[in-house]
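# Geometric and topological summary
Below are the chains, spelled out letter by letter.
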Amino acid sequence: MGAQLNIKDAETVRLARELADATGQPITQAIRQALEHELARREEEIQAKIARVNEVVAEFQHNMPEEWRDKTSKEIMDSIYDEHGLPK
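Because the structure is a prediction, the values reported are computed rather than measured.

Before going further, it helps to examine the overall build of the chain. Within the chain, the secondary structure is distributed over three helices and zero strands. Along the chain direction, N to C, the helices and strands of the chain fall in the order α-α-α. Taken over C-alpha atoms, the radius of gyration comes to 26 Å for the chain, far larger than the 12 Å a tight globule of 88 residues would show. A total of 88 residues make up the chain; the buried ones form 7% of that total. As displayed, the chain offers around 7,900 Å² of accessible surface, 56% of which is attributable to carbon and sulfur atoms. Taking the average location of the 12 positive side-chain charges in the chain and that of its 18 negative ones, the two points are 5 Å from each other.

Spelled out as structure tokens, the structure:
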């Protein structure tokens, strides 16, 4: 016997049947397609966020003061703040 999924929520079952009827697919196929669509949408969302972070990093690196280039973040922070965490 194959894998099983027992849905006990009446509204979820109703939605699954409604989707299957609307698409003309068996319930299992309609659910699989909906799940695959949602997972793909979430992955696209994640990739878009990663791309935006990379854009921000590239913009920062482009506009970074010359004296910060090739320094670690600790070295940069040490050049800005004293041992008490106050601006130099």
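It is worth spelling out the pattern of salt bridges at this point. For the structure shown, the criterion picks out seven salt bridges. When the shortest N-O distance is used, the salt bridge between Lys-74 and Asp-78 registers 2.8 Å. With Lys-74 and Asp-78 both in helix H3 (residues 73–80) and four residues apart, this pair spans about one turn of that helix. For Asp-78, a relative accessible area of 38% gives the class partly exposed.

Right, let's get into the side chain of Gln-25. Tracing the chain through its elements places Gln-25 in the loop between helix H1 (10–23) and helix H2 (27–63). Residue Gln-25 is classed as buried on the basis of its relative accessible area, which comes to 17%. A polar atom in the side chain of Gln-25 sits 2.7 Å from the side chain of Gln-33.

Rules used throughout
- Residues numbered from 1 in each chain as written.
- Predicted model: local features only at pLDDT ≥ 70, side-chain atom pairs only at ≥ 80, totals over all residues.
- Heavy atoms only, no water.
- Helix = DSSP H or I, 4+ residues; strand = E, 2+ residues; numbered from the N terminus.
- Rg over C-alpha atoms; globule rule 2.2 N^0.38 Å.
- Buried < 20%, exposed > 50% of the residue type's maximum accessible area, 1.4 Å probe, protein only.
- Areas by Shrake-Rupley, 256 points an atom, 1.4 Å probe, with all protein chains shown as cover.
- Lys, Arg positive; Asp, Glu negative; His and termini not counted.
- Charge placed at Lys NZ, Arg CZ, Asp CG, Glu CD.
- Salt bridge = Lys/Arg side-chain N within 4 Å of Asp/Glu carboxyl O.
- Polar contact = N/O pair within 3.5 Å; in protein donor to acceptor, adjacent residues only side chain to side chain.

Remember, this is a structural readout, not a statement about activity or role.
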